[in-house]
Amino acid sequence: MAEAEGISSATPTEETNDAGNLMDFLDEPFPDVGTYEDFHTIDWLREKSRDTDRHRKITSKSKESIWEFIKSLLDAWSGWLVMLLIGLLSGTLAGVIDLAVDWMTDLKEGVCLSALWYSHEQCCWTSNETTFADRDKCPQWQKWAELMTGYTEGAGVYLLNYFLYVLWALFFSFLAVSLVRVFAPYACGSGIPEIKTILSGFIIRGYLGKWTLLIKTVTLVLAVSSGLSLGKEGPLVHVACCCGNLFCSLFSKYSKNEGKRREVLSAAAAAGVSVAFGAPIGGVLFSLEEVSYYFPLKTLWRSFFAALVAAFTLRSINPFGNNRLVLFYVEYHTPWYMAELVPFILLGVFGGLWGTLFIRCNIAWCRRRKTTLLGKYPVLEVIVVTGITAVLAFPNPYTRRSTSELISELFNDCGSLESSQLCDYINNPNMSRPVDDIPDRPAGPGVYSALWQLTLALVFKIVITIFTFGMKIPSGLFIPSMAVGAIAGRIVGIAVEQMAYHHHDWIIFKNWCRPGADCVTPGLYAMVGAAACLGGVTRMTVSLVVIMFELTGGLEYIVPLMAAAVTSKWVADAFGKEGIYEAHIQLNGYPYLDQDEFTHRTLATDVMRPRRNEPPLALLTQDSTTVEDVETLIKDTDYNGFPVVVSHESERLIGFVQRRDLILAIKSARQKQDGVVSNSVVHFTEDAPQIPASNPQPLKLRRILNLSPFTVTDHTPMETVVDIFRKLGLRQCLVTRSGRLLGIITKKDVLRHMAQMMNQDPESIMFN
């Protein structure tokens, strides 16, 4: 089921070497050299060097003939072609997911008799009997109880609709968790923590495979439609990255180079956010700020192109029927005032506190899930949480509907044509104003009723999201976080609006809020609250503000959004530096080096291996180790590579060889050549000495030797070593003194040391 993420698919070069040039056997490439094992870290420097060599070879060949020149042009344009394909596929999938979610969410409540595949809104669009006042009611759309019993009112009808709503929710979630469990275990969760880790150079085979793409797309629709407190935006980034990985396999430039592949995946992540929020620029900034580890300028341009194509494709599909890229596009007609910065900043404080509370509670619950019986029954957990969610959500109209529709209603400004309960204000019969300039009015009974329901919805969303995120189904966190903030923001917005109306003579309102003026926009407070809560959970700043203004089209509201986002981050960082994705990376033990400063005064010699009382370093010598010795060393150890020295006496460093390359080279040599036996000497030198004819033929492996491994001295501060590992993406670093090898520091050693310095469990770093 799981495809290899980084296995190259070259075919062996058939050669017939005679005994005279046996030693040159490895001067030609052979399959899989330079690839990595599952759950290992790539060597960024080696990948960059290999791509430079490839590019140099193509450039030199392009001068030989017209055909080679055309091939070089095709190679140069392959990156743009991959971006085009990623944008087209991810935009199409996002459009299909949006349409399917709308239909299946409405299916829990009723069915369209004129066309079964129509959602509630589409069904009533096509009806001639629909009136503007009751645009959600039409004879073609019937609730399940009405269809079964013929009645539209009464306790029995309500209970039957209630029961069927819960039943549909349980069916959708059971189907989702079953498909994930049976066909693609990697399709669960948000996917962003793993995408961050993969982009930092980690190999998780199958995580971006075809099965994962297919199952995640299908189960994402089911999970969102079930009514659970989750969103599709985070998982859409995973879906887009799966598309990127799929198209990488079509071009050897990307399939054979893990570093180049990650440039494509960075752009794919931008396309994912572009179609998730309808925010192409925000998508590029999200990839740069939040998920990418290595983001050169060329990747910036290509990310922009992929995000543009994806957004254009989604816009062409028009899944929401409003000619917009998102469901909750709004336009406000009132400017904001300086005095409103106070409630905006308070919403930022709320967002930071909510982010901290959510991360701590969710991580504690996920840790409990890992260490108790709860983790052994993921299907039962999903069923139970879905049942509780559906039972509690149905009675409240604000939790019954999809979360995206809830946010859309909370963001909306109350015009004269709005029929929402939130717009039930008491109108002045003498009012004669343009439609877009409605003055502040006293709240009617509908608004007060809505406030109570929203307060209950807020508590419900806060609690249930903690238990939902991290279950074995696709689950995004963007939309639930925005919903919590939008509810809180709308409540605050209505409160400020009513204060301004009833107390317009107070000094804070006197300068900007006169009687009969349209002063306060509660929908704007909902938007600011949504940004604050999303920022508190993810610690996004720049990309968050851009996504929010692209979402809503409110360019003039950037300052309130910035104030809330910055306050939210400051407050949340005061309780802990890591966002939800970093927390889940740490929980899962992925080898991810975050960008926080390392301030402890330790040296390379304190971290390198071997330590005191540990066995000496496993070494290879340049010309005195036999094939049998190498095979024994590989069998007895599980190291990812071995330093090569002049001799055991001098231990002067020559280079470094990867374990996987050694295994493949010896296996290939034994299969193809008769002269290679167990006591053949392995040479890493340029020229092997003359040997008697009676001796077995040596094996020359200089081609797989890295002659320029990264080295530091034993007195290099760890602050510098950590910085080197971060910025160069090193897999390991050798420690020397005057050219003599002392030890080795791996990425895992750095992570263990950093965990120890922060008084955390160093054994939490599980992977190599």
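Residues numbered from 1 in each chain as written. Predicted model: local features only at pLDDT ≥ 70, side-chain atom pairs only at ≥ 80, totals over all residues. Heavy atoms only, no water.

1. As for a negative patch on the surface
Where like charges cluster on the molecular surface, the negative patch consists of Glu578, Asp596, Glu597 and Glu719. Along the polypeptide, Glu719 turns up in helix H27 (residues 718-728). Owing to a relative accessible area of 49%, Glu719 belongs among the partly exposed residues under this scheme. (Patch = residues over 30% accessible without salt bridge, like charges linked within 9 Å, V, L, I, M, F, W, Y side chains within 5 Å. Areas by Shrake-Rupley, 256 points an atom, 1.4 Å probe, with all protein chains shown as cover. Salt bridge = Lys/Arg side-chain N within 4 Å of Asp/Glu carboxyl O. Lys, Arg positive; Asp, Glu negative; His and termini not counted. Charge placed at Lys NZ, Arg CZ, Asp CG, Glu CD. Helix = DSSP H or I, 4+ residues; strand = E, 2+ residues; numbered from the N terminus. Buried < 20%, exposed > 50% of the residue type's maximum accessible area, 1.4 Å probe, protein only.)

2. So, the sheet that holds strand S9 (residues 705-706)
One open sheet holds the four strands; their spatial order is S3-S5-S6-S9, and the pairing between them is mixed. Every interior strand has two partners, whereas the edge strands, strand S3 (620-621) and S9, have only one. Sheet topology places S3 next to strand S5 (residues 641-645); two bridges connect them, and they run parallel. The residue bridging Thr621 from the neighbouring strand is Val645, located in S5. Lying on the sheet, helix H26 (residues 659-672) is in contact with S3, S5 and strand S6 (653-658); it crosses S6 at an angle near 75°. (Pairing = 2+ DSSP bridges. Contact = heavy atoms within 4.5 Å. Axes fitted to C-alpha atoms, helices over the stretch in contact; angles between N-to-C directions.)

3. Some points on the environment of Leu341
Relative to the elements of secondary structure, Leu341 occurs in helix H13 (residues 341-371). Here Leu341 falls in the buried class, since its relative accessible area comes to 18%. Between the C-alpha atoms of Leu341 and Val559, which are 218 residues apart in sequence, the distance is 9.0 Å. Apart from residues lying up to four places away in sequence, Leu341 is in contact with Trp336 and Ala563.

4. Some remarks on the sheet that holds strand S7 (residues 681-683)
Read from one edge to the other, the open sheet built from three strands follows the order S4-S7-S8, with strand pairing classed as mixed. In this open sheet, the two edge strands, each paired with only one partner strand, are strand S4 (625-626) and strand S8 (699-700). In this sheet, S8 lies alongside S7 in parallel orientation, the contact comprising two bridges. From the neighbouring strand, Val682 faces S8, where its bridge partner is Leu699.

5. Details of the state of the cysteines
Counted by the stated rule, this structure contains one disulfide. Between Cys243, a free cysteine, and Cys242, which holds the nearest cysteine sulfur, the sulfur-to-sulfur gap is 7.0 Å. The class of Cys243 is buried, set by a relative accessible area of 0%. (Disulfide = S-S within 2.5 Å.)

6. Description of the pairing of S6
In terms of burial, S6 is largely enclosed, as five of its six residues are buried. Two strands pair when backbone bridges link them, and S5 and S6 are joined in this way by five bridges, in the antiparallel orientation. Bridge assignment links Val645 to a residue of S6, and that residue is Leu653. Summarising the sheet, S6 and S9 pair through two bridges and their orientation is antiparallel. Bridged to Val657 within S9 is Leu705.

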